[in-house]
Structures are given as C-alpha cells and as structure tokens.
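What follows is each chain in one-letter form.
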Amino acid sequence: IFLVIICCRRFYYHKNFNFLCKSNTTRFLSEPRGSNVIEATDSKNNVLVFFKLRPDVITEDNLHSNILVSSMLDSPINTLYQAVRQVFAPVLLKDEKWNKAFDPKLQKLLSELEAGLSTALRRSDPTILTPTDEFQFWRECAHHGNKDLFEDIDYYNLDILSLFEVVDLVEATKDTVDSVWRQTEHDPYPQSRMHNLLDVIGGSLGRFVQRKLAALNLWEDTFHSVKENIQAGISVCEQWVSACEYLTGQLWQHYSLHPWKNEKYFPELIAKLGQRLDEVLTVRTLHEKLMFLLPAGEQNSLHLSHVFEPFAGLNPVHYNPYTEPLWKAAVSQYERIIAPVEQKIASKLKKLISEIQDSPQQLLQIFQKHKELIKHPNISKELLFERETLLAALQDYVKDYETDFETRCHGAPGDVSGPLSGKNLSEVVNNIVWVQQLELKVDDSVKLAEALLSDLPRFKTFHQSSSCFLEQLKVYEQEQFDDWSRNIQSELSNPKSGLCIQANSPVMELDPVTGTLNILYSDRLVTLLREVRQLSALGFAIPAKIQHIANTAQKFCKQAVILKQVAHFYNSIDQQMIGSQKPMMLQSALAFEQIIKHPKSGPGGKAQITWDNPRELEAYIQKLRAAAERLSTENRKLRKWHTNFIQKVISLMNIDLLRQQQRWKEGLQELRTGFASLESQGFKSSDMKAWRQHWNHQLYKALEHQYQMDFFFCRLQFRPPFEEVRARYYREMKRFISIPNHFRGVSEAEDESIFTVMTERNANGFLTAFSKAEDLFRRLTDVSNQFKEWVVIGQVDMEPLVKTHLSSKQDWEKNFKALKVRGKEAERLPSTIRIDCLTVNCNPVKTVIDDFIQKLYDVLVVSLRKSIQAHLCDVSTFLTDAMEALVIRPQTVEEIAEDNLKYLSLHERKEGIFLLFQEAEDKNKLLRTVAGAGLDSISNLRATWDKFELMMESHQLMIAEQMEVMKGNVLSRINIYLQDLEKFKARWDQLKPSDDVIETGDQDVLEKSAQMIKEKKKEFDELKTVKEKLIEECHNFKLEEPDLSLSEAVSQDIQSCAEVWALYEEFYQGFQEKAKEDWITFRSKIYLFEEFLFNWHDRLRKMEEHTVMTVKLQKEVDKYKMIIPLLKYVRGEHLSPDHWLDLFRLLGLPRGTTLEGLLFGDLLKVTDAIIEKAIELKV
C-alpha cells in the first residue's frame, strides 16, 4: 500500500499528469508523453490509462476512491476481451453472489460480448494463445462456406477426458494437423502459424497432464494407479514430441507441394515435462523394487516409509527452469537416504543373478527388470562380475545377429538362407523391416549396456563393434531402398510395365479374343501404392517422380478395386452358374453385359468411361455394381433351390418304391411346387426347360435304383411274371375249349351249328385238364424254390455279416473253401428247365448267382486284409511304446523300480502280442494264397520284433551298468556332503553366540543372535535332509554307510543352542506384545505385565538346570519387577500437556515424543531412569 501511494503521488505531481487537477478527464499515457484523449495509432508501445469515476478535481483525499487505472496492450479490442474473459465474465457469471444479483439478460449480453470480441480479435490479430482459438477461427470460416479444417478433433472438452483418452487424441491431432498442412482447398497453411499452433497444442497438452497428475498423491497412492497414470502422461508427452519431429523433420520436409523449411520443430517444454515424469516414475519404481526385495523387518529398520520426505512440499509435475534445482536437490537427498539400503539390495541381487547365470536370456531379463536399481553406483560396483558376464552375453548376442545377417542378407525372403518374411510385404519392404527389427534388437542391447555397463573396460570395444554393425545395417537398408527406387523409375519409362496410368485413359477394355474384362489399373500399381505407403511410414523420402505416380494411382485406387471386383465377377460368373440354369438368368446376364459393352448411352457421348471424370465414373460404378448384385442374387437364389432339390432327390433314392409309394408322390410334389414358386417369382417356364430336363434325369436315376433294388434284392421272380404265365395259359385253354362254339364247318352262316354241343358232352374232361394245369404251375413254383437258397445272399449286407462272424484264420479258410465248393455247384446248375409245354431259361439267375459269389469273395478278401492290418497296428503300437520305454536309462532308484515294473508288464504282454503277430502272419499267408499277394509291411514288422527281443534280453544288463554308475554318483555326493558339513561346522563354531553375548548384549544384539540361530538351524536341516537321502541310497545300492558322527555332534550342538535361545524368543515375544500397547490404554492394565513377569519368575525358578540364558532372563524379570510400583507415578491421568513434556525430559525420552504416540515399550526402555528418578516422580 505504501508503494502504491508513492507511485500515485509521483504521478500526481508529474508535469504530464496535470489532468488530475481537472474534472471529467481520462489520461492515456505512453512512455514520456501524455495526453487527455485516447489516440488510435499503430504504435507497439504499452499504454496505461487513468480515468475518473466522478468529474471531481483529484486531491489527496479522493485520490484512491475516484481514480481507476487500466493497462492497454496490443489493441483496445484485445484489452477489453481479456478483461471480460479473465476478470469480469468469471466473476459475474460463475460467482454465486454476483450471479444472483446480475440480470439474466445482462448475463446473456455479456456472453455474447465475449464471443463477439473473440471473433473480432481473431479476424484482426492472427496470434493464437490456445488451440481452441485456432479451432474457433476455422469453425467461423466454415459458417461462410469454407471447410472446418479441425472438425475431427475436440479440445473444448479436454478437461473431462482421461489421460488414456488423450493418448488417442494426440494421434488424432497428429493426423489432423498433417491433413491441414497438406490441404489444397485453401491457401497453404503458413509455417509460422503452424509453428505457433504446434506450440500452443503442446502447452495445452502439458497443462492438461499436470492438472490430471496433480490430483494424485504420487508418493503415497498405490503404485499400480500411479504408474498407469504417469505412463499415460509420459505417453502423451512423448507422442506429441514424436509427432512434431516426424511431421516437421521428415514428412513435411519431403512434401513437395508445401515443404517445411528450416529446422524441425521441437516442443522443448513438453519434452522436459515428459523427462520429469519419467524421473518421478523412476523414483517411485525404485522404491517399489526396494519394498519388494526387502522383507518387512528390514524395511522398518531402514525407515523406508520415510524416504519420500525430501519431496514434501514440492509439486513433482510442476516443471519449469526455476523448479528444476529444487527437484534435483530433493532427488539427491532421496538418494542419500536410500544409500544404506543399497548394500543389502546388492547382495540379494547377486544371489538372484547367480541362480540364473547359466541362462543368458534370463540374465538379460533380470538386468532389464532391475535396471533402476543396478544403475546406482554402489550396487553397480558390487555387481561388477555379474555385469561383466552380462556384457559378454550381449557381445555374443550382437555377434549372433551379425552372423545371421551376413547369412541371410543375400537370400530371398522366406528361403532358409534368406531374410525372415512377413505377411503382405513386398521383398524390399520385407528386407527393410527385417533389418530394422535387427537394428532395434541391437539398439536395445546397446542402450542396456550404456545404462549399466559403460564403466567396464570392454564396453568401448562392444560399443564400437555394435555401432559398426548398426551402420552396416543402415547401409543395407538404404541400398535396398535405392535399388527399389532405380527399378521403379526404370519401369516408369516402360509403357508395358503397368505403372503408367493416364487420367484420360479408359478404365477398362474387353479382350476381343477371350472375351474377358480387363481393368486398365494393373496389380503392380496396387503393389506400388502399398510399397510407397509402407516405405514412407518407415521414414524414407520417396522420389518426386514415384510420389507423383503414387498420388495419381491413389486417386483412382478405390474405384479400381471396385472395378476389379466387378471384372472378376464378370469373368467368373460363367463358372459360378449351373449349366442347366443359365437360360433362367439370361436376361440379367445380358443386361449386365450391355452395361459393360456400352458404358455410355446417348448421342454424342464417348464410347468409354475415363479416369478423369470422377462423377461419371462413380455413377457408372454404381450402375455396374447394381447389375452385378442383381445377377449374383439370382444366381445364389437358383443355386439354393438346386441344392434343396439335390437333398430331396437323394432322399428319394433311399425311399422304398414298393412299400412307400406315398412318400415318393410327396417328394415329387415338392419338386413341382418348387418349380411353380420360381415361375411365380418371374422366371419363365420356357427358360426352365433345361433345368426341368436335368431333374428328370436325376429322378430317372433314383427311380431306376429303387426299381432294381426291388427286383434284385426283394424276391426271385419269373420274367414274364408267374401270374402273367398262368393267365396266358388259362386264356389259351379257354380259347381251346371254346373252339367248338365258333367252329362252322361247311354250314352256311345262317344255319344252326352242330358243334356247340361238343363242349357240354366233354365237360367231364375239363376237371382233368384243370388238375393237370394246377400240377404244371405247382412244378413251376418248385423250380423257383430251387434257386431261392442261391440268391438269399443278395438279401443281406455282406460286409457287417462277415465282420460279425469271422475272426480267426480258420473262419476265413472255411468260408473260402465253402465258397469254392458253391461256385462249382453253381456251374452245374441247369441252363434251362422244361416242364411240359413250358421252358424256363435259368441263365439270368445263374449270372446273378455268379455275381453274388464274386462279391462275397471280394468281401472276404477285403475283410481278411483289414483284419491283418488291425493286428499289425496293435503289434506296431506295442513295439513302439515298448522300445521307447526300454531305451530310457534310469537315473534314480525310483526310476529303476519303475523301469523294472515296465519291464515285467512288457514281458507279460509279450506272449499275447506275439500270438497276435503269428495270427497276422498266418492270415497273411492265407491272403497271399487266395488273392495272390499279401501285405509287405509284415516283413518290416518282423525285423522290428527281432530288435525288440534283443532289447528285452539286454535290458537287465543295462540296468546293472546303470546301477554301477549311480553308485559312483552316490559316493561323489557323499564326499560333497561331508565337505559342506565341515564348512558349515566351521562357520557355526565361528558365528554361534557365546555366553558373553547373552550376558552383555543388548536387546538388538540378542534378537539378531536368535534370528541367526534360526537361519543356521534351517540351513542344517537342509543338510540333514541330504544326509537322510544319501543313507537311503546307500541302503538301496548296498553301500557302506559313511561316518556321519560329525553330523550328529553338530546337530546336538545346534539343538542345545536352539533350545536355550528358544526360551529367550518366547520371553521376548510376550514382552513385545505388552511393549507395543499404547500407554494411554495400557496404564490401566499394568497388572497384565505384572502377571507376565511373575509367571516367568515362577517358571525360571522351577527349572532344574540353570544356564546363562535363564540367569539373564531372571535379571530382566527382576529389573522390570522393580518398576511395577513406580509406574503409577507416570500414569498422569491429571497431568497437563506441559507437565507431560517435563516428565518426558526428566525420563530422557527422545525429542518429539507425545502422549498420543507414547507406547508402553518407550517407558520400559527408560526403566533405569524411572528407578533413578523415583523420588522426583513422586513429587
């Protein structure tokens, strides 16, 4: 306030400020001169405005109540806009007090004023401060008919997004600014404006990341949540930095229509923010690894929960050059705090690495996993040997990569000696991607070495060799691209290469010879587009000539792909159609062909569609696709009907024509209904003739099949049928009997015949004639019965019958012999049989019988072959499993026992399998006899069986040899065990706590001694387990037990020592339970501690044998018993806080001790002080 007054007095008495003495004036000041009016000038000077609230003369009394001061920067519009936006609008529209008192109409007018000023400012001043300023400018331009260049990204609602959603927004922003830079609807986007836009977008993203992360407690929140959010923030920063460098450093610099000039743009602030976040994440990750590797006890003793205190009061995400020294100081203090932990961590890491040192891959993973820890100097120094091992492994890895590269670099992708091949990649892109993957692997190895191994002597050599190899890879990569560029440019000069496309050339042509439709957009162009896109993404600068061709091809690519699909459909529709259905689709096919042959209709139009008329081409494509879709739909519909008809006719072939004629009628009706349905849908009946004829042929096959089935397989019949022969015979007999009735002799026609009575006179002979006729037909039936037993085999399915009843060799042998006998008998069957006036031709039925016999013979041969194959399969499976089991050499006693059981099992099964093998050989001999050839594989199986026999015989010898080897292993392990035992005894004798430790050691020393004894006992128990295992193996191998007296002596010593210290652990555990109680709660329960002491006093007194430990514990009990009566003086229920502080100082408790945090154990620690100050405490 004093300074303001001084300033005001200075202004008041200044010669240029005489307006203060006048009424109703405003002062507009610019540097040394002043004026009483506001002048509109183009000056860049800053302006300070003084104006009065009332038209009074300014005095010292009203100076502070009548003058307002305002600054004016740039322009009055900007000043007014900033004042409204940042001062008055927030106060009047968002503050509850002023919002209620402010008229809604005025609120609306104020919002409109802010929006109007913003628009006016953007039109008059191109400077933008936030991304939304630029986006709003282009949105307003869109209202005047222009395109909104930034409509695909939304920064207006940035704060409601999550960090993970903004990662996607950054990628969308990159694509949008790239399209804005490349747009051709407006003038080229100015580089200075784009530079400013990239800068403000980076600032907006950085502030967003800071706001989101500031809501978290980065040091105390769960590590998983903090890690995810920080990584998302780092990703936002890194993606934007990468996007700016890629766009301005590579992509736009090679964009010939609007190249980026000068150096690439680097967003320094957001990059530094990303580095700060990475440092925060490193500190937090390091802490988590320390917490993971150290047990809870060590964490408490090392105070790991307080390591973040240097960062208290410091906002880690608030990065700027002024906060950087504070951050560095906090990090340095943090590293000093964790320095004592590093020794413990180094020993744990050394042990962890030693367990997997023989596996280079796991070694790399361990170093990568704990990289933050190993980078610390103290830990790095302790792991010197392990880091040298890692460096050797990295050298081997890089050498392997180099060897692999030299082997494959001259081959073709996919070959054994060529680069590894990927999907949908041309040769050049595949080679470059393969090399870049190698570069990444080598680069990862180099980065790991730089981070962890840079101080090693051999690092320089490794770095040089790796750098040379990386340079070699980059040279190969560039050579691949240069070769590709030369080849493409040479193809561009060749009109037949397929890469030359002109905008005014036709899009397609019909081959006059083959009639195929060809699209004049070669597949090589599609490949070129893909190669250009992929190579650009890989960071290569495409030559302008190739880029021009690619751009031209890209414009027509979408239409070309659609046209190629249509052309493929046109060229292959003939194969897709069913031949008999083609007349039904003739009209649609002709319409489709008409569109292709005559792309344009109307007078004066061109005969062909060209690439340079996109609207006409798009309309033509739509017409083509509609015609193709109509034809394709018809074809699919008719094929579906055709498929349904196939299923129906197949079902008719399995329906008995004789017994299920109604189902046949229903099936035929369904077919007729299908044809009628298609007619109702517009298909002409005349076009369906070929299709109907096709299905008539299929029905003929089904009908003939059932007709033949009923004829051959249902019953044996005469041809002509028996009933027809019988009817014809009686008809002839009737004609014969009625001859006298029609016989006229020589009489005239009108004379009465004398012959008619002949029938009546001979009527008694009719009975004899009819009896002989019935006898004739009875004998004819007997002829049919004579052949029934021969054709009965045709009434059954022979294959299941043979499979069911034949199993042994004798079964097949009997059937082959019986079949041979029946064949000879069938040859003796008569060819004709005469019964009075009837002659029966038997040749047709004999032919069928011969067919049945041949069929049965074939079935027997096939079934015999299958039976042999089944036997051989069982034998082969047995031999394979058995030989796999016999070839394994057991390594332990359990494996020997298991191996013997397998051997006995194989021995038991062997006899049965051998009989099965013999039966297969016998059947094979029979097959060779009846069929002329057997199975050749049986001889190979015989050799395998002989090998199996030899392995069975040598198995016991192998087991004996293995037993000797294992005995030697046991003796070696016994020697190792004895050496380990001696080492353990030496360490035990040196480290076990002596009586002096018990007598003079404090509580921490005693606790560590007890813990050491437990660890040693656990270590000895492991040796004891090894000893028991060795003794058991000595018994198993009938070896003499080694002298293990030393083990018993050590065991007794450890046991006696453990019993002594177990007593201390028990006492200490109970003591600690009481000591952890807070004093305010426990001061009314002192009797519990007193009971604890008396119980231990009685227990120690009753012990028969006293040791140094019991004496020590007795002293502890007596000491604490002495303060029991004195504890009432420190209860302090009525003490004030000041009295408590005096009490703490009197007892010597640490500074900072409070009553709320006081534990019973804190008082026990000052037992001596309580006893010494007993008199003062009473007072």
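Note that the structure is predicted; figures quoted are calculated from it, not measured.

Definitions and limits used
Residues numbered from 1 in each chain as written. Predicted model: local features only at pLDDT ≥ 70, side-chain atom pairs only at ≥ 80, totals over all residues. Heavy atoms only, no water. Helix = DSSP H or I, 4+ residues; strand = E, 2+ residues; numbered from the N terminus. Buried < 20%, exposed > 50% of the residue type's maximum accessible area, 1.4 Å probe, protein only. Areas by Shrake-Rupley, 256 points an atom, 1.4 Å probe, with all protein chains shown as cover. Pairing = 2+ DSSP bridges. Contact = heavy atoms within 4.5 Å. Salt bridge = Lys/Arg side-chain N within 4 Å of Asp/Glu carboxyl O. Expected span 1.5 Å × (residues − 1). 1 Å grid on protein atoms, 1.4 Å probe; cavity = no way out; pocket = protein on both sides within 12 Å on 5 of 7 lines; lining within 4 Å. Points joined across faces, edges and corners; volume = space filled by probe spheres on them. Phe/Tyr/Trp six-rings, centres within 6.5 Å; stacked < 30°, edge-to-face > 60°. Lys NZ or Arg CZ within 6 Å of the ring centre and 35° of its normal. Axes fitted to C-alpha atoms, helices over the stretch in contact; angles between N-to-C directions. Left-handed = near helix turned anticlockwise from the far one by under 90°. Nonpolar A, V, L, I, M, F, W, Y, C, P; charged D, E, K, R; others polar. Patch = residues over 30% accessible without salt bridge, like charges linked within 9 Å, V, L, I, M, F, W, Y side chains within 5 Å. Lys, Arg positive; Asp, Glu negative; His and termini not counted. Charge placed at Lys NZ, Arg CZ, Asp CG, Glu CD. Parallel < 35°, antiparallel > 145°, perpendicular 65-115°, else oblique. pLDDT = per-residue confidence, 0-100.

Bringing the overall build of the protein chain into the picture now. A count of helices and strands for the protein chain gives 44 helices and 7 strands. Expressed as a percentage of the 1179 residues in the protein chain, the buried residues total 38%. Surface accessibility of the protein chain: about 69,900 Å² in total, with carbon and sulfur atoms responsible for 53%.

Moving on, we come to unusual backbone geometry. If you check the backbone angles, Asn262 has positive phi at about 65° while not being a glycine. Along the polypeptide, Asn262 turns up in the loop between α9 (223-251) and α10 (268-293).

Residues of strand β7 (residues 838-841) alternate between two faces, with Leu838 and Val840 buried on one and Thr839 and Asn841 left unburied on the opposite face. With 4 bridges joining them, strand β6 (residues 832-835) and β7 adopt antiparallel strand pairing. Note on β7: the bridge partner recorded for Ile835 is Leu838. Where β6 folds back onto β7 in an antiparallel hairpin, the turn is made up of 2 residues, including Asp836, whose phi is positive at roughly 55°.

Residue position: Leu1113 is located in helix α40 (residues 1108-1123). Overall, the relative accessible area of 1% leaves Leu1113 in the buried class. Remark: the alpha-carbon pair of Leu1113 and Leu1100, spanning 13 residues in sequence, is separated by 8.1 Å. Ignoring sequence-local partners within four residues, the contact set of Leu1113 consists of Leu1063, Tyr1064, Phe1067, Trp1096 and Leu1100.

Per the counting criterion, the structure on display carries 20 salt bridges. Glu268 is the salt-bridge partner of Lys272, the closest N and O atoms lying 3.4 Å from each other. Placement of the pair is Lys272 and Glu268 together in helix α10, with a separation of 4 residues, close to one helical turn. Under the relative-accessibility criterion, Lys272 is labelled partly exposed at 29%. Using a relative accessible area of 47% as the deciding quantity, one classes Glu268 as partly exposed. One network of salt bridges, in which partners are shared, links Arg276, Glu279, Glu324 and Lys328.

Note that His642 resides in helix α23 (residues 614-653). Classification of His642 as buried rests on a relative accessible area of 10%. Every residue in contact with His642, bar those within four places of it in the chain, is listed here: Ile578, Gln581, Trp691, His694 and Trp695.

We now examine helix α20 (residues 523-537). Here α20 spans 21 Å end to end across 15 residues, near enough to the 21 Å set by a 1.5 Å rise per residue. Positive phi appears at Gly539, one or two residues downstream of α20, with a value of about 100°.

Taken as a whole, the second largest pocket holds about 790 Å³ of empty space. Going through the elements one at a time, α7 (163-182), α9, α20 and α21 (544-576) are the ones with two or more residues in the lining of the second largest pocket. With 8 residues, α21 is the single largest residue contributor to the lining of the second largest pocket.

On to the packing of aromatic side chains. Evaluation of the coordinates by the stated rule reveals 23 aromatic pairs. Between Trp434 and Tyr476, the ring centres sit 6.4 Å apart and the planes meet at 85°, which makes this aromatic pair edge-to-face. Placement of the pair is Trp434 in helix α18 (residues 427-452) and Tyr476 in helix α19 (residues 459-492), with a sequence separation of 42 residues. Take Tyr476: its relative accessible area is 8%, and that puts it in the buried class. Members of the aromatic cluster, joined through ring pairs, are Trp641, Phe645, Phe675, Trp691 and Trp695. Here the guanidinium or amino end of Arg182 rests over the ring plane of Tyr255, the centre of that ring lying 4.6 Å away.

The terminal C-alpha atoms of helix α13 (residues 339-355), which comprises 17 residues, lie 26 Å apart, in line with the 24 Å expected from a rise of 1.5 Å per residue. Along α13, the positions that sit buried rather than exposed are Val341, Glu342, Ile345, Ala346, Leu349 and Ile353.

We now examine the packing of helix α39 (residues 1086-1102) against α40. Contact geometry of α39 with α40 gives a least axis separation of 10 Å together with a crossing angle of 145°. Seen along the crossing, α39 lies across α40 with a hand that is left-handed. Each of Phe1089, Leu1093, Phe1094, Trp1096, His1097 and Leu1100 in α39 lies in contact with α40, whose residues at this interface are Thr1110, Leu1113, Gln1114, Val1117, Asp1118, Tyr1120 and Lys1121. Considered class by class, the residues forming the contact of α39 with α40 number 8 nonpolar, 3 polar and 2 charged.

Here Leu926 is to be found in helix α33 (residues 893-931). Distance in space between the C-alpha atoms of Leu926 and Val861 is 9.7 Å, their sequence separation being 65 residues. Residue contacts for Leu926: discarding those within four places in its chain leaves Lys809, Trp812, Glu813, Phe816 and Leu864.

Our next topic: a positive patch on the surface. Together, Lys344, Lys348, Lys351, Lys1008 and Lys1018 line one region of the surface with positive charge. Contributions of two or more residues to the positive patch are made by α13 and α36 (1003-1036). Here the positive patch takes 3 residues from α13, the largest share from any one element. One can find Lys344 in helix α13.

As a further point, take the packing of helix α37 (residues 1045-1075) against α40. Two elements in contact, α37 and α40, have axes whose closest approach is 9 Å; the angle formed by their N-to-C orientations is 20°. Of the possible angle classes, the one that applies to α37 and α40 is roughly parallel. In this structure, α37 meets α40 at a crossing whose hand is left-handed. Between α37, through Val1060, Trp1061, Leu1063, Tyr1064, Phe1067 and Phe1071, and α40, the contact on the second element is made entirely by Met1109, Thr1110, Leu1113, Glu1116, Val1117 and Tyr1120. A per-class count over the contact of α37 with α40 returns 10 nonpolar, 1 polar and 1 charged.

Right, let's talk about a negative patch on the surface for a bit. Together, Glu165, Asp168, Glu171 and Asp175 line one region of the surface with negative charge. Mapped onto the elements, Glu171 comes out in helix α7.

Per-residue pLDDT for the protein chain has a mean of 76; in total, 81% of the residues score no lower than 70. Mean pLDDT values over the elements of the protein chain span from 32, in helix α1 (residues 2-13), up to 88, in α9. Taken together, the stretch residues 602-606 has pLDDT below 50 and engages in 1 contact with residues farther than four places along the chain or on a different chain. For residues 710-714, every residue scores under 50 in pLDDT, and the model assigns this stretch 13 contacts once sequence neighbours within four places are set aside.

On to the environment of Thr323, then. Mapped onto the fold, Thr323 is located in the loop between α11 (296-301) and α12 (324-337). Residues contacting Thr323, with those up to four places away along its chain left out, are Arg276 and His318.

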